[in-house]
Amino acid sequence: SMASPALLMRVVASAYSVAEKAATIVRNVMSAGDLGIVEKTGANDLQTKADRLVQMSICASLARKFPKVTIIGEEELSTNEVTEELIEDGHCEEILKRTCPAQYTGIKEEELVIWVDPLDGTKEYTEGLLDHVTVLIGIAYEGKAIAGVINQPYYNYEAGAGAVLGRTIWGVLGIGAFGFQLTEAPAGKHIVVTTRSHSSALVNDCISALNPDSVIRVGGAGNKIIQLVEGKASAYVFASPGCKKWDTCAPEAILHAVGGKITDIHGNSFQYNKEVKHMNSAGVLATLRNYDYYASRIPNTVKQSLVP
């Protein structure tokens, strides 16, 4: 008989189904019309009913199956009784059939940290820019992002009636990433994707120094990494401390699984062990290809302003 799948593959397979459930919750909250918006630290830092319900659903569903895994979510929520209808018990069979990379076969539950952003791009969600929104579940081992699931609840939402709404992208280092068509940005074109709602002089100075052919301003870290792997942008640059570990863990795993690279503005890799501080205080630089080209053009003035 076949040995049971390695823990990592079971976690990823469950996270896939949990993310699909999350997408349904996100769409249901939007179609019900009452977003239940709360300002956290200000008008650009919002939380909605979808953020709250999705986080409860993801964390409770994964904790029930994998009780010793550390799960860290963006929202500060009381751990009141989560209603049964928020629990997702399923898994993606397709993922369970994949062979776990040898270096991850012996992982124990207590060695994994899962970083959850229940709704990445909340501000855009509240403004109806629905294609910016993602659900992020990142899986880390020994401080490194090794697997991730990104769901886009509104993928295809402008494609008209009959189009399948939403998609789930998943990846594991050593296996690859799936659920999208890997595409490189046009050769010789420097297209920078950056923040839409968290701009600053520093952010703009950094982009100007790269002398890009064009700049795309969109919400959500998950969304920006998708722009890279689908060839719509050649670099994701954010010279600001606003990004957090739950924003980058899943996208990093997807990007690294297809040979891309993400670091802070200084070139340091991100750490995802459970004790780490949540803020990526030295910004973000990510590319699918040609990382060194962009890294070499980040001005020293920008680096000096962003302390890791």
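Residues numbered from 1 in each chain as written. Predicted model: local features only at pLDDT ≥ 70, side-chain atom pairs only at ≥ 80, totals over all residues. Heavy atoms only, no water.

The protein chain goes by 3'(2'),5'-bisphosphate nucleotidase 1 in an unreviewed UniProt entry, where it is assigned to Atlantisia rogersi. UniProt annotates the protein chain under Sequence similarities (unreviewed entry) with the comment "Belongs to the inositol monophosphatase superfamily." Per UniProt, the protein chain carries the Cofactor (unreviewed entry) text "Mg(2+)". (UniProt positions renumbered as here; feature names shortened; annotations may be inferred.)

### What about the overall build of the protein chain?
Each helix and strand counted, the protein chain has 9 helices and 13 strands in total. In terms of overall size, the protein chain behaves like a compact globule, its C-alpha atoms giving a radius of gyration of 18 Å where 308 residues would be expected to give roughly 19 Å. For the protein chain, the spread of C-alpha atoms along the principal axes amounts to about 55 × 45 × 40 Å. Residues counted as buried form 54% of the 308 residues belonging to the protein chain. Just so you have it, the protein chain exposes about 13,100 Å², and 49% of that area is on carbon and sulfur atoms. Computed over 28 positive and 34 negative side-chain charges, the inter-centroid distance for the protein chain is 4 Å. (Helix = DSSP H or I, 4+ residues; strand = E, 2+ residues; numbered from the N terminus. Rg over C-alpha atoms; globule rule 2.2 N^0.38 Å. Buried < 20%, exposed > 50% of the residue type's maximum accessible area, 1.4 Å probe, protein only. Areas by Shrake-Rupley, 256 points an atom, 1.4 Å probe, with all protein chains shown as cover. Lys, Arg positive; Asp, Glu negative; His and termini not counted. Charge placed at Lys NZ, Arg CZ, Asp CG, Glu CD.)

### Some remarks on the sheet that holds strand 4 (residues 112–120)
Strand order in the open sheet formed by 6 strands is 3-4-5-6-7-8, with mixed pairing between adjacent strands. Of all the strands in the sheet, the pair left with one neighbour each is strand 3 (70–73) and strand 8 (176–178). Adjacent strand axes in the sheet meet at a mean angle of 15 degrees, parallel and antiparallel pairs treated alike. Judged from the 7 bridges that link them, strand 4 and strand 5 (residues 134–141) form a sheet pairing that is antiparallel. Bridge pairing in strand 5 places leucine 112 opposite tyrosine 141. Its contacts with the sheet place helix 1 (residues 7–32) against strand 4, strand 5, strand 6 (144–152) and strand 7 (167–172), and it is angled at close to 30 degrees to strand 6. (Pairing = 2+ DSSP bridges. Axes fitted to C-alpha atoms, helices over the stretch in contact; angles between N-to-C directions. Contact = heavy atoms within 4.5 Å.)

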